[in-house]
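# Understanding the architecture of this molecule
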Amino acid sequence: LRFTLHTTMLENDYIRRLLSAIALNNDQAAYKELFLLLHGRLKQFAYSILKSSEEAEELVSDVFIRIWQKKDQLTSIESPLFYFYATTMRKVCFR
């Protein structure tokens, strides 16, 4: 548990740096890195609920499109992993 908590904290810090680069510099490389880091996990999370790979893919793609559209607000996210999973869950519930 301790290792997992430490890893999650480091990952949140790294994601916050990516989000800042996206928000402040329109950094497409940081956006791509964020996508590569989280897309698979979020898709698996959505799939575990939806039981449809196509729906999960579309839903997670929508999450990342929304991230780019709202990039000016990204620096205010304190817990990025929670934010991404919660956003995915909201999209699942309100689809």
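Because the structure is predicted, anything quoted here is derived from the model rather than measured. (Residues numbered from 1 in each chain as written. Predicted model: local features only at pLDDT ≥ 70, side-chain atom pairs only at ≥ 80, totals over all residues. Heavy atoms only, no water.)

Another aspect to go through is the overall build of the protein. Check the secondary structure of the protein and you find 4 helices and 0 strands. Each helix and strand of the protein, placed in order from N terminus to C terminus, yields the pattern α-α-α-α. Scaling as 2.2 N^0.38, a compact globule of 95 residues should have a C-alpha radius of gyration of about 12 Å, and the protein matches this with 13 Å. Each of the three principal axes of the protein carries a C-alpha extent, and together these read 35 × 35 × 20 Å. Across the 95 residues that make up the protein, the buried fraction comes to 35%. Long-range pairs, those at least 24 residues apart, make up 65% of the contacts in the protein with a sequence separation of at least 6. Computed over 13 positive and 11 negative side-chain charges, the inter-centroid distance for the protein is 4 Å. (Helix = DSSP H or I, 4+ residues; strand = E, 2+ residues; numbered from the N terminus. Rg over C-alpha atoms; globule rule 2.2 N^0.38 Å. Buried < 20%, exposed > 50% of the residue type's maximum accessible area, 1.4 Å probe, protein only. Contact = heavy atoms within 4.5 Å. Lys, Arg positive; Asp, Glu negative; His and termini not counted. Charge placed at Lys NZ, Arg CZ, Asp CG, Glu CD.)

Quick look at the nonpolar core now. If you look at the biggest cluster of nonpolar residues, it comprises 24 residues, and the most contacted ones within it are Leu-34, Leu-38 and Phe-84. Those elements that place two or more of their residues in this core are helix H1 (2–25), helix H2 (28–50), helix H3 (53–69) and helix H4 (80–93). For this core, the element with the most residues is H2, which contributes 7 residues. Residues contacting Phe-84, with those up to four places away along its chain left out, are Ile-15, Leu-19, Leu-34, Leu-38, Leu-42, Val-63 and Ile-67. (Core = buried A, V, L, I, M, F, W, Y, C linked by side-chain atoms within 4.5 Å.)

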